[in-house]
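Secondary and tertiary structure notes
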Amino acid sequence: MKVGLFIPCFMNELYPNSCMATLKILKNQGLDVEYPLEQTCCGQPMANSGCSKDMKTLAYQFVDTFKKYDYIVAPTGSCVTMVKEHYEPFFDDNKDYNKVKASIYEICEFLHDIIKVEKFDAKFPHKVGVHNSCHGHRALGLGSASELNIPQNNKLKNLLNLVEGIEIVELNRDDECCGFGGTFSVTEPDISVAMGKDRIKDHLDSQAEVMTGADMSCLMHMEGIINRNNDPIKIMHITEILAGEA
């Protein structure tokens, strides 16, 4: 299979180690991975701000760039959700978009459901708390939302449990929002920060040394709060742990 690697624009600029860890994981699985240089932003910031015209331009650019791949894999749940759920009004049952929509996966979803990874060559002897981001957890089904009162399952934890030496801590509020929400954190900064502080406190109360997740935007939001408050916890994208980069 031919895999197109989609790297969100902010991760490309600010978190290159997570991006390279994503590539390493896919390569270690023997996959034929290509990073198309013509890729740009998926349009999520524009969508959050109501700039539909700009979003449409980026949506067509994305589909034209990635339509040739068997699978499209990205290290972020929110950008994948953007493509799968919010491009459709611009395409009117377009065959290229339908192919892209059916082919794009967040990397944990891809590893867990598509290629069904059974082991990682990685060690991480630390206490880890998993932040379940709203887009990944609810829109992509990376875990069971607590409000549904259904049997609990979590694809991130299932993958992390394949890492030698890791201890996943239990949180009091397992899938609560961190308060980032893109432009929400700009228009409602006080509420956003308060929600982020609550999320961090839950991890600290559970004695987590590291907070991880599948959405770097959420982790970036909380990393800013952690750094300002000098909280004794580290932020890491899940790909860095699975790739053995820690």
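Residues numbered from 1 in each chain as written. Predicted model: local features only at pLDDT ≥ 70, side-chain atom pairs only at ≥ 80, totals over all residues. Heavy atoms only, no water.

**Section: the overall build of the protein chain**
Put simply, the rule reads: Under the DSSP-based scheme used, a helix requires at least four consecutive residues in state H or I and a strand at least two consecutive residues in state E, with every element numbered from the N terminus. In this scheme, a residue with accessible area under 20% of its type's maximum is buried, one over 50% is exposed, and one in between is partly exposed, where area comes from a 1.4 Å probe on protein chains only. The contact definition used throughout considers only heavy atoms, calling two residues in contact when any of these lie within 4.5 Å. For accessible areas, the Shrake-Rupley method is used with a probe of radius 1.4 Å. Any residue's cover is judged against the shown protein chains and nothing else.
Each helix and strand counted, the protein chain has 13 helices and eight strands in total. Projected onto its principal axes, the C-alpha coordinates of the protein chain cover approximately 50 × 45 × 35 Å. When each of the 246 residues of the protein chain is scored for burial, the buried share is 50%. Long-range pairs, those at least 24 residues apart, make up 75% of the contacts in the protein chain with a sequence separation of at least 6. Of the accessible surface of the protein chain, which amounts to about 11500 Å², a share of 50% is contributed by carbon and sulfur atoms.

**Comments concerning unusual backbone geometry**
Despite not being glycine, Asn149 has its phi angle at roughly 55°, a positive value. Among the secondary structure elements, Asn149 is positioned in the loop between α8 (134–139) and α9 (155–160). Since its relative accessible area comes to 71%, Asn149 is described here as exposed. Of note, the phi angle at Gln207 is positive, near 65°, even though the residue is not glycine. Gln207 sits in the exposed class, given a relative accessible area of 54%.

**Thoughts on the sheet that holds strand β8 (residues 234–237)**
We count it as follows: Here a strand pair is declared whenever DSSP counts at least two bridges between the two strands. Lines are fitted to the C-alpha atoms to define the axes, a helix being fitted only along its stretch in contact, and any angle between axes, read from their N-to-C directions, falls within 0 to 180 degrees.
The sheet built from four strands is open, its strands ordered β6-β5-β7-β8 with parallel pairing. Every other strand in the sheet has two partners, leaving β6 (167–168) and β8 as the edge strands with one partner each. Where strand β5 (residues 127–131) meets β6, two bridges bridge the pair, whose relative direction is parallel. From the neighbouring strand, Lys127 faces β6, where its bridge partner is Glu167. The strands touched by helix α12 (residues 216–229) are β5, β7 (210–213) and β8; relative to β8, the strand with the most contacts, the crossing angle is about 165°.

**Quick notes on the pattern of salt bridges**
Put simply, the rule reads: Any carboxyl oxygen of Asp or Glu within 4 Å of a side-chain nitrogen of Lys or Arg constitutes a salt bridge here.
Tallied over the full model, the rule gives 14 salt bridges. Salt-bridge contacts for Lys2 lead to Asp32; the nearest nitrogen and oxygen are separated by 3.3 Å. With Lys2 in strand β1 (residues 2–5) and Asp32 in strand β2 (residues 32–34), this pair connects stretches of sequence that are 30 residues apart. Here Lys2 falls in the partly exposed class, since its relative accessible area comes to 27%.

**Focus on the sheet that holds strand β3 (residues 71–74)**
Taken in spatial order, the four strands of this open sheet run β2-β1-β3-β4, and their pairing is parallel. In this open sheet, the two edge strands, each paired with only one partner strand, are β2 and β4 (104–106). Put simply, the sheet's adjacent strands are angled 30° from each other on average, direction ignored. With three bridges joining them, β1 and β3 adopt parallel strand pairing.

**Quick notes on the packing of aromatic side chains**
How we decide: Between rings of Phe, Tyr and Trp, where Trp is taken as its six-membered ring, a pair exists when centres lie within 6.5 Å; planes separated by under 30 degrees are stacked, by over 60 edge-to-face, and by other angles tilted. Either the NZ atom of lysine or the CZ atom of arginine qualifies as a charge over a ring when it sits within 6 Å of the ring centre and within 35 degrees of the ring normal.
All chains considered together, the criterion is met by twelve aromatic pairs. Seen from their ring centres, Phe66 and Tyr69 are 6.0 Å apart, and the 50° between their planes marks the pair as tilted. The two residues Phe66 and Tyr69 agree in class, both being buried. An aromatic cluster of three or more residues is present, and its members are Phe6, Tyr60, Phe62, Phe66, Tyr69, Tyr87, Phe91 and Tyr97. Geometry around Tyr105 places Lys84 over its ring, the cationic atom sitting 5.9 Å from the centre.

**A closer look at the nonpolar core**
A general tendency of soluble globular proteins is for nonpolar side chains to be buried together. Counted only if it meets this: Among the buried residues, those of types Ala, Val, Leu, Ile, Met, Phe, Trp, Tyr and Cys that are joined through side-chain atoms within 4.5 Å form a nonpolar core.
Among the nonpolar cores identified, the biggest contains 74 residues, and Leu26, Phe62, Tyr87 and Leu242 are the most heavily contacted of them. Counting residues per element, this core draws most heavily on α12, at six residues. Here Leu26 is in contact with Val3, Leu5, Leu31, Val33, Val73, Ile107 and Phe110, once residues within four sequence places are set aside.

**Brief notes about the packing of helix α11 (residues 189–205) against α12**
Quick note on the threshold: Working rule for angles: under 35 degrees goes down as roughly parallel, over 145 as roughly antiparallel, 65 to 115 as roughly perpendicular, anything else as oblique. Just so you know the grouping, Ala, Val, Leu, Ile, Met, Phe, Trp, Tyr, Cys and Pro go in nonpolar, Asp, Glu, Lys and Arg go in charged, and all remaining residues, Gly too, go in polar.
It is the contact of α11 with α12, at a shortest axis distance of 9 Å, that shows an interaxial angle of 80°. In this view, α11 runs roughly perpendicular relative to α12, as classed from their interaxial angle. Packed against α11, whose contacting residues are Ser192, Val193, Gly196, Lys197, Arg199 and Ile200, the element α12 presents His221, Met222, Ile225, Ile226 and Asn229 at the interface. When the residues that make up the contact of α11 with α12 are grouped by side-chain class, the tally is five nonpolar, four polar and two charged.

Note that all results are geometric; they support no functional claim without further evidence.
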